[in-house]
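Residue-level structure breakdown
These are the residues of each chain, in order.
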Amino acid sequence: MHPPGCSDTPSAGSKVVQKFLCNFLQGIFRASALLWSGKAQQRVCRRHMPVIFTRYIFDCNKEVQQKTKRIQAPPPRCCRQTLCRGSHAGLEMKEGMLRSFPQPVVLVSRCLGFDNCRYDGQQLRAEIVELLQGYVQFIDICPEVAAGLGVPRAPIRLCVQKEAVEVWQPAESRTVTRQLEMAAAEVLPLFLACDGAVLKSKSPSCGLYDAKVFHGREQPQFLRRGSGMLGEKILAAAANRAVDDEMRLSNLAIREHFLIKLYASARFREIDATRKMRDLISFHASYKFLFLAYNEKHFRRCGRIVANHEKLGQEEVFTRYRAEMALLLQRPFRREAMVNTLYHAYGLIAEGLAAEEKEYIINTIEEYRDERIPLQAVTRLLEGQALRFDQHYLRNQALLQPFPTELSLLTDSGKGRKVQ
Ligand code: SF4
């Protein structure tokens with residue numbers, strides 16, 4: 001070792017000699033130990049000891065060289081968008097596949113597996129709630145209990161009275177509209193802090209689209225389907241939040257759209273908390289392909305907001321971006337638009353592919369276009385190629401994994417509901 005500032009540093013040649021001598025001495029030491037150990041005497045005769053000596057010296061030298069190589073090799077890169085589990089000893093590919101996801105906050109109807117709060121003192125199971133358990137933070141609410149109607153209680157229904165919708169409890173011959181409106185108003189601030197909501201379908205309180213609305217109180221005639229007391233307020237305040245009911249979420253396309261929106265909102269909420277332009281730019285960049293598939297017009301507008309040519313304040317920029325994102329995510333992506341986006345992504349890795357590989361990926365994209373395989377089949381294929389060619393830009397795209405893979409349930413209700 002030379003003290004700092006000493007100019008008499010050893011030359012490369014003297015370093016090699018030093019290393020050889022060091023290895024030679026280590027070899028002698030190890031071989032001597034072997035020679036005098038009982039085991040060695042059983043296996044090696046003294047005549048062959050010089051050969052063993054020489055081999056040890058070379059082996060030892062090789063070992064040192066390998067160690068040096070390992071030390072000199074650059075450490076695997078730690079992708080900013082991936083979750084580094086602390087140890088870089090594993091394969092880099094494996095690390096690249098582990099994306100970090102925010103934990104969304106979801107408002108949920110309490111009777112969907114949280115408490116026996118239904119009118120008959122029961123609760124229900126909901127597949128989507130069970131799926132999301134452990135991945136999201138639930139905030140469970142029950143407006144009817146909050147309105148003081150008790151459990152169990154006489155059923156309530158929505159009916160049109162003097163051109164206004166009211167909540168009528170026939171068994172008690174009373175209206176509970178005011179109590180339910182107050183309970184819904186209390187829930188609203190909770191919802192505004194959430195990234196989404198899963199509400200009970202058909203309920204006169206929680207229902208979003210399919211609560212029965214009757215004509216008249218005493219001799220009701222079915223009039224139409226509509227939103228419940230809380231459901232209406234939630235839909236009006238939804239903006240960029242993912243909102244749907246447990247029945248509709250059993251449909252594959254609706255669930256996929258819900259999850260994409262939920263995780264995009266949760267990620268945006270995270271950066272909105274710090275309000276750093278740098279974070280907004282990288283958020284927009286990582287959602288480029290996914291947003292392009294959703295709505296190109298709104299995606300371009302989002303881009304102009306991020307560019308901020310008008311030099312607006314950060315708060316204004318984030319507010320505008322949130323509003324534009326809400327419009328962008330209002331409707332699910334169209335399959336044709338997604339296919340175009342997949343070809344964009346493919347363009348980033350096509351150059352390094354062999355002709356057969358190109359053909360294979362194009363066929364896979366076309367299979368997705370023909371509705372023969374799910375989107376994940378294509379995105380996983382593209383992700384593999386992005387890892388292979390170390391295509392950082394593509395690897396960072398939310399399109400490849402917009403939500404945790406564990407939530408990619410392929411079951412479908414088969415009812416072909418339309419996303420509203
Ligand atoms: S649907 Fe809503 S109001 Fe009715 S029991 Fe469930 S949580 Fe309560």
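Residues numbered from 1 in each chain as written. Predicted model: local features only at pLDDT ≥ 70, side-chain atom pairs only at ≥ 80, totals over all residues.

**Comments concerning the overall build of the protein**
Quick note on the threshold: Strands are runs of DSSP state E lasting at least 2 residues, helices are runs of H or I lasting at least 4, and numbering of each runs from the N terminus. Residues with at least 20 neighbouring C-beta atoms inside 10 Å of their own are called buried, those with 12 or fewer are called exposed, and the rest are partly exposed, where every C-beta is derived from the backbone.
Looking only at helices and strands, one finds 17 helices and nine strands in the protein. The burial tally for the protein puts 32% of its 420 residues in the buried class.

**Some details on the site of the ligand**
Put simply, the rule reads: Throughout this description, a residue near a molecule or strand is one whose C-beta atom, derived from the backbone, lies within 6 Å of it. For this classification, the nonpolar set comprises Ala, Val, Leu, Ile, Met, Phe, Trp, Tyr, Cys and Pro, the charged set comprises Asp, Glu, Lys and Arg, and every other residue, Gly included, is treated as polar.
The ligand sits among Ser-109, Arg-110, Cys-111, Cys-117, Arg-118, Cys-142, Pro-143, Glu-144, Lys-200, Ser-203, Ser-205 and Cys-206. Taken together, the residues of the shell around the ligand break down into five nonpolar, three polar and four charged.

**Description of the nonpolar core**
Note the following rule: By definition, a nonpolar core groups buried Ala, Val, Leu, Ile, Met, Phe, Trp, Tyr and Cys residues that connect through C-beta atoms lying within 7 Å of each other. Contact criterion: two residues are in contact if their C-beta atoms, reconstructed from the backbone, are within 7 Å.
Formed by 85 residues in total, the largest nonpolar core has its most connected members in Val-106, Ala-197, Val-198, Leu-290 and Phe-291. With ten residues, the top contributor of residues to this core is helix H9 (residues 252-274). Beyond its immediate sequence surroundings of up to four residues, Ala-197 is in contact with Val-106, Leu-107, Val-108, Phe-191, Ile-234, Arg-241 and Val-243.

**With respect to the packing of H9 against helix H10 (residues 277-286)**
Spelled out, the test is: Working convention: axes come from line fits to C-alpha atoms, limited for helices to the stretch in contact. Angles between N-to-C directions cover 0 to 180 degrees. Orientation is classified from the angle alone, with under 35 degrees giving roughly parallel, over 145 giving roughly antiparallel, 65 to 115 giving roughly perpendicular, and any other angle giving oblique. We call a crossing left-handed when the near helix sits turned anticlockwise from the far one by less than a right angle, and right-handed when that turn is clockwise.
Two numbers describe how H9 lies on H10: the axes approach to 9 Å, and their chain directions differ by 160°. Classified by the interaxial angle, the pair formed by H9 and H10 is roughly antiparallel. The two elements H9 and H10 meet at a crossing, and its hand is left-handed. Touching Arg-267, Phe-268, Ile-271 and Thr-274 of H9 are Asp-279, Leu-280 and Phe-283, all from H10. Its residues assigned to classes, the contact of H9 with H10 shows four nonpolar, one polar and two charged.

**Description of the environment of Tyr-287**
The topology assignment puts Tyr-287 in the loop between H10 and helix H11 (288-294). Taking the C-alpha atoms as reference points, Tyr-287 and Asn-396, 109 residues apart in sequence, are found 8.7 Å from one another. If we ignore the near neighbours within four places in the chain, the residues touching Tyr-287 are Ala-264 and Ala-398.

**Details of unusual backbone geometry**
Between Val-151 and the following residue, Pro-152, the backbone shows a cis peptide bond with an omega angle of -10°. Position of Pro-152 among the secondary structure elements: in the loop between helix H6 (143-146) and strand S3 (157-161). Despite not being glycine, Ser-173 has its phi angle at roughly 50°, a positive value. For Ser-173, the position within the fold is in the loop between strand S4 (164-169) and strand S5 (174-175).

**Here's the deal with the sheet that holds S5**
Paired through backbone hydrogen bonds, the strands of a sheet run either parallel or antiparallel to each other. For the record, the criterion: Should DSSP find at least two bridges between two strands, the strands are taken to pair.
Strands sit in the order S5-S4-S3-S7-S8 across an open sheet of five strands; the sheet is mixed. Each edge of the open sheet is held by one strand with a lone partner, namely S5 and strand S8 (221-226).

**Structural notes on helix H15 (residues 355-369)**
Rules: One less than the number of residues in a helix, times 1.5 Å, gives the span that helix is expected to have. By construction, the arc corresponds to the directions joining the helix axis to the C-beta atoms.
For H15, spanning 15 residues, the distance from its first C-alpha to its last is 21 Å, which sits close to the expected 21 Å at 1.5 Å a residue. The complete set of buried residues in H15 reads Ile-361, Ile-365 and Tyr-368. For H15, the angular spread of buried residues about the axis comes to 55°, placing them on one side. Turned more than 90 degrees off the buried face of H15, the exposed positions are Ala-355, Glu-356, Glu-359, Tyr-360 and Asn-363. Looking at the buried residues of H15, the elements they touch are helix H14 (335-349) and helix H16 (375-388). At the C-terminal side of H15, Glu-371 shows a positive phi close to 60°.

**Here's the deal with the sheet that holds strand S9 (residues 242-245)**
If you walk across this open sheet you meet the four strands as S2-S1-S6-S9, and the pairing is parallel. Single-partner strands in this sheet number two, and they are strand S2 (137-141) and S9. Shown here is a sheet whose adjacent strand axes are inclined to one another by a mean of 20°, direction ignored. The sheet contact formed by strand S1 (residues 105-109) and S2 spans five bridges and is parallel. From the neighbouring strand, Val-106 faces S2, where its bridge partner is Phe-138. Along the sheet, helix H7 (residues 177-192) makes contact with S1, S2 and strand S6 (196-199), crossing S2 at roughly 175°. Against the sheet, H9 engages S6 and S9, with an angle of about 145° to S9.

**Examining the pairing of S6**
A two-sided burial pattern is seen for S6, the buried positions comprising Gly-196 and Val-198 on one face and Ala-197 and Leu-199 on the other. Taken together, the three bridges between S1 and S6 define a ladder with parallel strand orientation. Along S6, the bridge assignment pairs Val-106 with Gly-196. Strand direction decides the pairing type here: S6 and S9, joined by four bridges, are parallel.

**Some points on the confidence of the model for the protein**
Close inspection of predicted coordinates is inappropriate in any region flagged by low pLDDT. Keep this limit in mind: One number per residue, pLDDT, summarises how confident the predictor is, and it ranges from 0 to 100.
With 74% of its residues at a pLDDT of 70 or more, the protein has an overall mean of 83. pLDDT under 50 marks residues 1-9. Its contacts with residues more than four places away, or in other chains, come to two contacts. Low pLDDT, under 50, characterises residues 63-96; the predicted model gives this stretch 25 contacts beyond four residues in sequence or across chains.

**Looking at helix H12 (residues 296-307)**
Within an α-helix, residues lying three or four positions from one another point in the same direction, as the helix has 3.6 residues per turn. If you check H12, its first and last C-alpha atoms are 16 Å apart, about what twelve residues at 1.5 Å a residue would give, namely 16 Å. Those residues of H12 lying buried are Phe-299, Cys-302 and Ile-305. Angular distribution of buried residues about the axis of H12 spans 115°; they occupy a single face of the element. With respect to the buried face of H12, the exposed residues turned more than 90 degrees away are Lys-297, Arg-304 and Ala-307. The secondary structure elements touched by the buried residues of H12 are H10, H11 and helix H13 (314-328). One or two positions beyond H12, positive phi appears at Asn-308, with a value near 50°.

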